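Now for the letters of each chain:
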Amino acid sequence: MRDVHHLARLARRFGSLFRPKSAAAKVKPTDVDLGALLSEGLLVPVEGVDPEKLRDSFLETRGRHARHLAIDIGAPRGTPILATTDGEILKLTREARGGITIYQKDTTGRYLFFYCHLSRYAAGLEAGQQVRRGDTLGYVGSTGRVKGGPHLHFSITRLPEDDDNFREGMAINPYLLFLAGVP
């Protein structure tokens with residue numbers, strides 16, 4: 001596992017590491033514990049994907065003023081989607097933009113992981129369930145508003161203290177975290 005200084009060098013070289021989710025964001029970059037995130041050894045959440053083959057789409061534009069604030073991980077339809085870390089499934093829902101989605105918190109409750117465009121959930125997956133890093137959560141698809149083929153849209157948000165409103169959180173670039181974990 002590489003250190004926080006390596007991650008900072010990657011951020012300077014490749015792009016932004018943090019971005020407020022909105023103008024009303026209550027979280028600052030200093031609220032993000034990069035050391036803790038790196039020590040969790042976040043797993044690339046699509047089975048068989050090499051982190052060195054990912055593409056950074058964190059700051060790509062989505063509409064006139066919006067930023068992507070996530071990465072898209074392309075894979076064949078039906079490829080297993082894995083829990084990036086231990087935690088709790090907060091919500092399973094179908095959204096107009098994200099299609100079939102999963103909201104997962106880590107064990108500290110500070111970080112929210114958002115998985116979108118699934119084709120379906122893993123059998124028996126439900127809100128409130130505890131999951132372990134590497135557990136199958138669902139399968140790659142192209143539900144919701146999708147550009148291109150099947151993929152997983154994946155984001156990480158540092159939530160405000162004592163508040164689950166991810167729109168007031170700080171987006172963290174998953175691409176750089178995955179790349180920092182490459183030995």
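See above for the structure.
Scoring rules and cut-offs
- Numbering of residues starts from 1 in every chain and runs along the sequence as written.
- Selection of residues for local features in this predicted model requires a pLDDT of at least 70, selection of side-chain atom pairs for listing and counting requires 80 or more, and totals for whole chains, interfaces and linings are taken over all residues.
- Side-chain metrics rest on all non-hydrogen atoms present in the structure, leaving aside hydrogens and water.
- A helix here means a DSSP run of H or I that spans at least four residues, while a strand means a run of E at least two residues long, and both kinds are numbered starting from the N terminus.
- Relative accessible area decides the class of each residue, using a 1.4 Å probe on protein chains only: under 20% of the type maximum gives buried, over 50% gives exposed, and in between gives partly exposed.
- We call two residues in contact whenever any of their non-hydrogen atoms come within 4.5 Å of each other.
- Polar contacts, as used here, are pairs of N or O atoms within 3.5 Å; protein pairs need one atom able to donate a hydrogen and one able to accept it. Residues neighboring in sequence count only if both atoms are side-chain atoms.
- Nonpolar cores were defined as sets of buried Ala, Val, Leu, Ile, Met, Phe, Trp, Tyr and Cys residues, with membership established by side-chain atoms within 4.5 Å.
- In this scheme, strands are said to pair when DSSP sees at least two bridges between them.
- A pair is scored as a salt bridge if a Lys or Arg side-chain nitrogen falls within 4 Å of a carboxyl oxygen belonging to Asp or Glu.

J.: What exactly am I supposed to notice about the overall build of the chain here?
T.: Helices and strands together make up the secondary structure of the chain, namely three helices and 12 strands. Looking at the chain as a whole, 47% of its 183 residues are labelled buried. Within the chain, residue pairs in contact and separated by at least 24 positions form 67% of the contacts whose partners lie at least 6 positions apart.

J.: Would you explain the environment of T85 in this entry?
T.: With respect to the helices and strands, the residue T85 is situated in the loop between β5 (80-82) and β6 (87-95). Put simply, T85 and E40 are 45 residues apart on the chain and 6.9 Å apart in space, counted from C-alpha to C-alpha. Excluding residues that lie within four positions of it along the chain, T85 makes contacts with E40, L42, Q104, D106, F113, V131, R132 and R133. Within the local environment of T85, its side chain forms a polar contact with the side chain of E40, the two groups lying 2.6 Å apart.

J.: Explanation requested: the nonpolar core in the structure shown.
T.: What tends to happen in soluble globular proteins is that the nonpolar side chains get buried as a cluster. Core analysis: the biggest nonpolar cluster contains 35 residues, and Y115, L137, I156 and L177 have the highest contact counts within it. At the level of secondary structure, the elements contributing two or more residues to this core comprise α2 (34-40), β4 (71-74), β7 (99-106), β8 (111-121), β10 (136-140), β11 (151-158), β12 (170-172) and α3 (174-180). Per element, the largest residue contribution to this core is six residues, and it comes from α3. Counting residues in hydrophobic clusters, the runner-up holds five residues, among them L112, F114, C116 and L159.

J.: Got a minute to help me understand the pairing of β7 in this structure?
T.: Each regular strand carries side chains that alternate between the two faces of the sheet. Counting buried positions along β7 gives eight out of eight residues, so the element sits mostly inside the fold. Relative to β7, β6 runs antiparallel, the two sharing eight bridges. Across the sheet, residue G87 finds its bridge partner in β7, namely D106. Once β6 ends, the chain turns through three residues before running back antiparallel as β7. The pairing of β7 with β8 spans five bridges and is antiparallel. Opposite K105, over in β8, you have L112 as the bridge partner. Count of turn residues in the β7/β8 antiparallel hairpin: four residues, of which G109 carries a positive phi of about 80°.

J.: Sorry, what's going on with the pattern of salt bridges here?
T.: Think of it this way: side chains of opposite charge can pair up when their charged atoms draw near. Tallied over the full model, the rule gives two salt bridges. Of the charged contacts in the structure, one is a salt bridge between R132 and D86, with a shortest N-O distance of 3.1 Å. With R132 in the loop between β9 (130-131) and β10 and D86 in the loop between β5 and β6, the pair connects residues that are 46 residues apart, well separated along the chain. Judged by its relative accessible area of 55%, R132 falls in the exposed class. A salt bridge links E161 to R158; the shortest N-O distance between them is 2.7 Å.

J.: Is there a simple way to explain unusual backbone geometry in this structure?
T.: Where the residue is not glycine, phi is negative for most of them; where a peptide bond is considered, it is trans in most cases. Despite not being glycine, H117 has its phi angle at roughly 75°, a positive value. Tracing the chain through its elements places H117 in strand β8. Residue H117 is classed as buried on the basis of its relative accessible area, which comes to 5%.

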